[in-house]
Amino acid sequence: MHHRGNRTVNGTIGLRVPKTVIKAKCARYLQRGEPAHRTRLVNHDDHTIIATYGAEYRGIVQYYLPAGDVCRLSRLRWVMETSMLKTLALKHRSAVSKMARKYRTSIDTQHGKRRCFEARIEREGRPPLVARFGGIPLKRQRTRMLGNGPVRCAP
């Protein structure tokens, strides 16, 4: 809610995800208004492609988790997910739906089961290397660990 030009939640200052930020973050993965592959990642292995997209997505989402409207990042998730699948499809000269079926999995989180995309590299005598994209619930987290300890956000 806007109160005399200030963003507020129950009388206190509220953190929001600006529309301009969502557009700017999505623009990196778009061509002519729709998700496109990233050519510079095509020569990497599948694990690296999924790990790169996963790290970029996780960084943006975790920064905005204290925001009251973090669910608006679902547009970014869809754009990045489609771009990642198009990159994998280009690499394997396959269809996006085949790549989605190949890498889709469900994981258990504290908020229940979440759908994500995962690539594993099995290693003998050691646990497998796992790269994951998604699986982060876009729900507001009022207390976040930042720097030296927990930070309480506005209600």
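What you are looking at is a predicted structure, and each value in this text was computed from that prediction instead of being measured.

K.L.:
What's the story with the side chain of E81 in this structure? I'm lost.
P.N.:
Along the chain, E81 turns up in helix 3 (residues 74-92). Of the polar contacts made by the side chain of E81, one reaches the side chain of R115; its length is 3.2 Å. Discounting residues that sit within four places of it in the chain, E81 has contacts with R115, F117 and F133.

K.L.:
For this particular structure, what's the right way to read helix 3?
P.N.:
One turn of the α-helix equals 3.6 residues, which is why residues spaced by three or four share an orientation. Spanning 19 residues, helix 3 covers 27 Å between terminal C-alpha atoms, matching the ideal 27 Å at 1.5 Å per step. Taken together, the buried positions of helix 3 are occupied by L76, V79, M80, E81, T82, S83, M84, L85, T87, L88 and A89. R93, located one to two residues past helix 3, shows a positive phi value of around 50°.

K.L.:
Whenever I open this one, the packing of helix 3 against helix 4 (residues 96-103) confuses me. Can you help?
P.N.:
In a packed pair of helices, the relevant descriptors are the angle between the two axes and the axis-to-axis distance. The N-to-C vectors of helix 3 and helix 4 enclose an angle of 105°; their axes lie 8 Å apart at closest approach. Put simply, helix 3 runs roughly perpendicular to helix 4. Contacts from L85, K86, L88, A89 and H92 in helix 3 reach V96, M99, A100 and Y103 in helix 4. Tallied by class, the residues present in the contact of helix 3 with helix 4 amount to 7 nonpolar, 1 polar and 1 charged.

K.L.:
Sorry, what's going on with the sheet that holds strand 6 (residues 104-109) here?
P.N.:
Strand pairs in the sheet, formed through backbone hydrogen bonds, run parallel or antiparallel to each other. Read across the sheet, 3 strands follow the order 6-7-8 without closing on themselves; strand pairing throughout is antiparallel. Each edge of the open sheet is held by one strand with a lone partner, namely strand 6 and strand 8 (126-134). When strand polarity is set aside, the average angle formed by the axes of neighbouring strands in this sheet is 55°. Two elements, strand 7 (residues 112-123) and strand 8, share 7 bridges in a ladder whose sense is antiparallel. Bridge pairing in strand 8 links A119 to A131. Along the sheet, helix 2 (residues 46-64) makes contact with strand 7 and strand 8, crossing strand 8 at roughly 55°. Together, strand 7 and strand 8 form the strand contacts of helix 3, whose direction differs from that of strand 7 by roughly 30°.

What counts as what
- Residues numbered from 1 in each chain as written.
- Predicted model: local features only at pLDDT ≥ 70, side-chain atom pairs only at ≥ 80, totals over all residues.
- Heavy atoms only, no water.
- Helix = DSSP H or I, 4+ residues; strand = E, 2+ residues; numbered from the N terminus.
- Polar contact = N/O pair within 3.5 Å; in protein donor to acceptor, adjacent residues only side chain to side chain.
- Contact = heavy atoms within 4.5 Å.
- Expected span 1.5 Å × (residues − 1).
- Buried < 20%, exposed > 50% of the residue type's maximum accessible area, 1.4 Å probe, protein only.
- Axes fitted to C-alpha atoms, helices over the stretch in contact; angles between N-to-C directions.
- Parallel < 35°, antiparallel > 145°, perpendicular 65-115°, else oblique.
- Nonpolar A, V, L, I, M, F, W, Y, C, P; charged D, E, K, R; others polar.
- Pairing = 2+ DSSP bridges.

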